[in-house]
Amino acid sequence: MSAGVRNPRFGRLRRHPVLSMIAVLAVLTGAVLGGIRAYPVLFPPALSCGAGMTAAGSPSACVGVNLDSTAFTKGEPARMRALEEAVRKSNEAVRGPSTSVVMMLNFSPVADVDSLTYDSLYPNIEGAVTAVWRANNTAAYGSTPGVKLYLANMGSQYGSWREAVNRVKKHAASEHVSAVFGLGQSTEQTRQAAAAISAELHIPVIGSTVTGNSMNLDPADPAGKRPIPDMFRVSPTNSDSVIAANQYVTGLRPAVSSVAVVADSVAGDDYTATLAAEAKTRFQAPGRTVTVLPYTSPRSLPSGAGRQDYLIQQFNLMHANLCQAAPSVVYFAGRGRDLGAFIQNWVQGAPCGIPQLRILVGDDASEAIRDAEVLAGVASGRVTVAYTALASPDEWGTECPGSDAKRNYDQFWSAFTGRPDPCTKLPLVGQGNVAPLSFDPADLASGQAMLTHDAAVAAISAARHDEAGLKNPGLETGILHQFYCAQMLPGASGWLSFGADGNPVGKPAPIVQLNPDGTTSTVTLTWPNSAPNLSLPQRGGTGAPGC
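Positions within a chain are numbered from 1, following the residues in the order the chain's sequence is written. Per-residue local features are limited, in this predicted model, to residues with pLDDT of at least 70; the limit for side-chain atom pairs, both in listing and counting, is 80 or more; totals at the level of whole chains, interfaces and linings are taken over all residues. Excluding hydrogens and water, the side-chain figures rest on all heavy atoms present in the structure.

A. Structural context of the overall build of the chain. Numbering goes from the N terminus for both helices and strands, where a helix is a DSSP run of H or I of at least four residues and a strand is a run of E of at least two. Helices and strands together make up the secondary structure of the chain, namely 14 helices and 14 strands. Burial classification: accessible surface area is computed with a 1.4 Å probe over protein chains only, and a residue below 20% of its type maximum counts as buried, one above 50% as exposed, and the rest as partly exposed. Evaluated residue by residue, the chain yields a buried proportion of 54% over its 547 residues. A sequence separation of at least 24 residues applies to 73% of the contacts in the chain between residues at least 6 apart. If you sum the accessible surface of the chain, you get close to 23,300 Å²; carbon and sulfur atoms cover 57% of it. Residue contacts follow a heavy-atom distance rule, with two residues in contact if any of their heavy atoms lie within 4.5 Å. Shrake-Rupley sampling with a 1.4 Å probe provides the accessible areas, and residues are treated as covered by the protein chains on show and by no other component.

B. Layout of the state of the cysteines. Note on disulfides: each one is a pair of cysteine sulfur atoms within 2.5 Å. Taken as a whole, this structure holds three disulfides when the rule is applied. The disulfide partner of Cys-323 is Cys-352, and the gap between their sulfur atoms is 2.1 Å. When the S-S torsion is -80°, as for the bridge of Cys-323 with Cys-352, the disulfide is left-handed. Taken together, the residues Cys-323 in helix 9 (residues 307-325) and Cys-352 in the loop between helix 10 (339-348) and strand 11 (357-361) connect sequence positions 29 residues apart. The exposure class of Cys-352 is partly exposed, given its relative accessible area of 30%. A sulfur-sulfur separation of 2.0 Å characterises the disulfide bridge that pairs Cys-400 with Cys-423.

C. Region of the structure containing the sheet that holds strand 2 (residues 61-66). Pairing is mixed in the open sheet, where seven strands are placed in the order 1-2-4-3-5-6-7. Whereas interior strands pair on both sides, the edge strands pair on one side only; in this sheet they are strand 1 (53-56) and strand 7 (231-233). The average angle at which neighbouring strand axes cross in this sheet is 25°, direction not considered. Two elements, strand 6 (residues 205-207) and strand 7, share three bridges in a ladder whose sense is parallel. In this scheme, strands are said to pair when DSSP sees at least two bridges between them. Between N-to-C directions, angles cover 0 to 180 degrees, with each direction set by a line fitted to C-alpha atoms, over the stretch in contact for helices.

D. Representation of the packing of helix 7 (residues 238-250) against helix 8 (residues 270-282). At their nearest, the axes of helix 7 and helix 8 sit 9 Å apart, and the two run at 40° to each other. By the angle between their axes, helix 7 is oblique relative to helix 8. The two elements helix 7 and helix 8 meet at a crossing, and its hand is right-handed. Here Asn-238, Ser-239, Ser-241, Val-242, Ile-243 and Asn-246 of helix 7 lie close against helix 8, whose contacting residues are Asp-270, Tyr-271, Thr-274, Leu-275, Glu-278, Ala-279 and Arg-282. Orientation categories follow fixed angle ranges, with anything under 35 degrees roughly parallel, anything over 145 roughly antiparallel, 65 to 115 roughly perpendicular, and all other angles oblique. It is the rotation of the near helix from the far one that decides the hand of a crossing: anticlockwise by less than a right angle makes it left-handed, clockwise makes it right-handed.

E. Fine view of the nonpolar core. Core analysis: the biggest nonpolar cluster contains 89 residues, and Met-104, Phe-107, Leu-149, Val-168, Phe-181 and Ile-206 have the highest contact counts within it. For Met-104, the residues in contact, after removing those within four places along its chain, are Ala-152, Met-154, Ala-164, Val-165, Val-168, Val-180, Phe-181, Gly-182, Leu-183, Gly-184 and Ile-197. Formed by 33 residues, the second largest nonpolar core is a distinct cluster that contains Met-318, Leu-322, Cys-323 and Val-512. Put simply, a nonpolar core is a bunch of buried Ala, Val, Leu, Ile, Met, Phe, Trp, Tyr and Cys residues held in one set by side-chain atoms that sit within 4.5 Å of each other.

F. Structural detail: the side chain of Thr-417. You can see Thr-417 is positioned in helix 12 (residues 404-417). A distance of 2.8 Å separates the side chain of Thr-417 from the backbone oxygen of Trp-413, its partner in a polar contact. Look past the residues within four positions of Thr-417 in its chain and what remains in contact with it is Leu-437, Ser-438, Phe-439 and Pro-441. Identification of polar contacts relies on pairs of N or O atoms within 3.5 Å, with a donor-acceptor requirement for protein atoms, meaning one able to donate a hydrogen and the other able to accept it, and with residues adjacent in sequence counted only if both atoms are side-chain atoms.

G. Quick look at the side chain of Asn-345. Of note, Asn-345 is situated in helix 10. Side-chain polar atoms of Asn-345 contact the backbone oxygen of Phe-315, separated by 2.9 Å. Of the polar contacts made by the side chain of Asn-345, one reaches the backbone nitrogen of Asn-316; its length is 3.4 Å. Sequence-distant contacts of Asn-345, defined by excluding residues within four places in its chain, comprise Ile-312, Phe-315, Asn-316 and His-319.

H. Layout of the pairing of strand 13 (residues 509-514). Across the six residues that make up strand 13, a large majority, five, are buried. Bridge count between strand 12 (residues 383-388) and strand 13: three bridges; the pairing is antiparallel. Looking at strand 13, one finds that Tyr-387 is bridged to Val-512. Bridge count for strand 13 against strand 14 (residues 520-526) is six bridges, and the pairing is antiparallel. Residue pairing for strand 14: Val-512 is matched across the bridge by Thr-522. Hairpin connection, strand 13 to strand 14: the antiparallel pair is bridged by five residues, and Gly-518 has positive phi, about 90°.

I. The arrangement of the packing of aromatic side chains in detail. Between the rings of Phe, Tyr and Trp (Trp by its six-membered ring), a pair exists once the centres lie within 6.5 Å; its type follows the angle of the planes, with under 30 degrees stacked, over 60 edge-to-face, and the other angles tilted. As enumerated under the stated definition, the model contains 12 aromatic pairs in all. For the pair Tyr-295 and Phe-332, a centre-to-centre distance of 6.0 Å together with 25° between the ring planes defines the contact as stacked. One end of the pair, Tyr-295, is in strand 9 (residues 289-295); the other, Phe-332, is in strand 10 (residues 329-333), with 37 residues separating them in the sequence. This pair shows no difference in class: Tyr-295 is buried, exactly as Phe-332 is. Where Phe-412 meets Phe-416, the ring centres are 5.6 Å apart and the plane angle is 40°; that geometry is what we call tilted. Here Phe-412 pairs with Phe-416, and both are found in helix 12, just four residues apart, close to one helical turn. Ring pairs connect the aromatic residues Tyr-295, Phe-315, Phe-332 and Phe-342, which therefore count as one cluster.

J. Fine view of the sheet that holds strand 10. One open sheet accounts for seven strands, arranged 9-8-10-11-12-13-14; its pairing is mixed. Each having just a single partner strand, strand 9 and strand 14 make up the two edges of the open sheet. Neighbour-to-neighbour, the strand axes of the sheet open up by a mean angle of 25°, direction not taken into account. In this fold helix 8 packs onto strand 8 (258-264), strand 9 and strand 10, with an angle of close to 150° to the strand it touches most, strand 10.

K. Region of interest: the confidence of the model for the chain. Think of pLDDT as the predictor's per-residue confidence, scored from 0 to 100. For the chain, mean pLDDT is 87; residues scoring 70 or higher make up 87% of the total. Low pLDDT, under 50, characterises residues 1-13; the predicted model gives this stretch three contacts beyond four residues in sequence or across chains.

L. Structural detail: unusual backbone geometry. Backbone torsion omega between Ser-58 and Pro-59 reads 0°, so that peptide bond is classified as cis. For the bond running from Thr-144 to Pro-145, omega is -5°, close enough to zero to count as cis. Positive phi is not limited to glycine here, since Ala-326 has a value of about 45°. Within the fold, Ala-326 resides in the loop between helix 9 and strand 10. Positive phi values are uncommon outside glycine, yet Cys-485 reaches one of about 55°. Relative to the elements of secondary structure, Cys-485 occurs in the loop between helix 14 (476-481) and strand 13.

Written as structure tokens, this is what we have:
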């Protein structure tokens with residue numbers, strides 16, 4: 001159209017200014033509405049976090065202390081949401097004076113990045129819920145004050161531990177927080193968190209599955225010898241775990257003549273470092289050779305890279321050296337999450353005249369009992385897998401009435417499942433008309449629920465033995481130190497007794513066999529640092545460990 005020719009439509013709009021304004025407004029309204037609809041697609045909204053938490057990490061997750069039981073991540077599994085709802089309802093039922101215990105873990109694991117999974121998280125939460133249910137609704141651990149449970153998230157790879165500690169600190173007084181328990185894996189981040197809780201909040205911090213030898217040593221001490229004053233744990237150390245493994249290996253027939261230690265050399269993981277160091281020395285024996293085969297798991301991965309693929313590459317290169325060593329037993333001193341890659345490579349790699357590989361693993365193998373590659377390897381007959389568990393549901397046997405330790409476990413089992421006591425056949429009756437719990441007995445297979453229950457029990461018992469605890473929870477460290485010798489606490493994983501260093505005394509270490517269907521069975525019960533400890537000491541008896 002030439003410059004001198006006018007568009008008749010424009011002319012009509014100029015002759016009718018009202019129509020012109022309406023047209024312009026319509027165009028602008030459409031653009032705004034379209035932008036509103038398009039914006040959340042182009043720029044997704046930030047994660048909305050509940051009280052006590054803030055968004056952090058990539059992918060984003062809510063870290064801190066979860067005061068109102070909201071989701072930690074978008075798209076959280078339904079089972080996780082159900083457990084968070086159970087925690088909320090339990091807290092709302094508490095009336096009158098109360099104390100709070102905080103379970104601190106990585107509650108937002110990232111698939112193929114973290115060496116733990118949602119499936120391994122669920123039993124931990126269930127164990128803690130069971131401890132609080134028993135405290136509030138039975139006479140097992142006193143009666144007052146009431147107990148509330150909060151979950152505190154340290155984020156993927158425990159990277160937001162500092163924010164989690166800060167948020168617990170901020171709400172400690174208003175929520176009457178008396179202890180922190182859990183912590184999860186033995187990494188440098190969890191040790192930093194434990195030290196910060198002790199130094200800044202001055203309250204007990206109780207590890208449920210923290211086994212690394214140096215996890216209770218203050219990271220700020222240049223000499224690496226000063227203990228964290230308020231730290232305790234309910235599980236045996238890595239030294240005890242390897243002692244138990246060696247006791248088991250020594251009893252095998254025919255006699256074990258060679259052991260290959262597959263050792264993770266990644267920095268910052270106290271669990272793998274101390275497990276490997278102990279294995280290298282404790283498996284030494286006359287007539288037995290020990291070969292160390294190192295690998296390095298990833299501390300971080302680039303976007304799109306998977307932990308499994310990364311490790312298969314290394315285990316593929318290790319294959320020939322493992323074949324040459326031809327060990328009677330392989331001791332896998334790595335994370336349980338990495339066991340699948342090792343077994344998959346062995347089963348699918350080139351055969352080398354070893355019909356079956358006997359694999360023995362540390363306690364973190366509980367993370368692998370549902371791992372598809374591990375179960376497929378066991379089903380193939382090319383490997384057997386046993387591990388030194390921190391606890392096992394059948395460690396006390398099935399005889400009725402059994403030992404006092406078994407009676408303690410049966411009471412826990414009944415509360416956990418909501419079913420009658422397996423020996424007395426009587427239901428566990430709660431106070432009032434409170435509804436029983438109904439967790440699946442299969443969730444006890446890893447032992448995680450037992451240990452988390454016991455850590456929470458120790459925290460709750462300390463709070464209830466200290467009248468001033470509601471005003472000065474720091475006094476409860478002294479109470480925990482009194483739980484030793486004859487003053488033991490009844491736990492699901494054994495009697496709870498703490499030494500001067502906060503480590504457990506007289507705890508068993510079951511050797512557990514993994515079956516092809518994912519079930520587990522206790523092969524034997526070992527006692528790495530004491531004689532069997534099954535009952536409270538009686539008058540005229542020999543006393544309890546530590547006396």
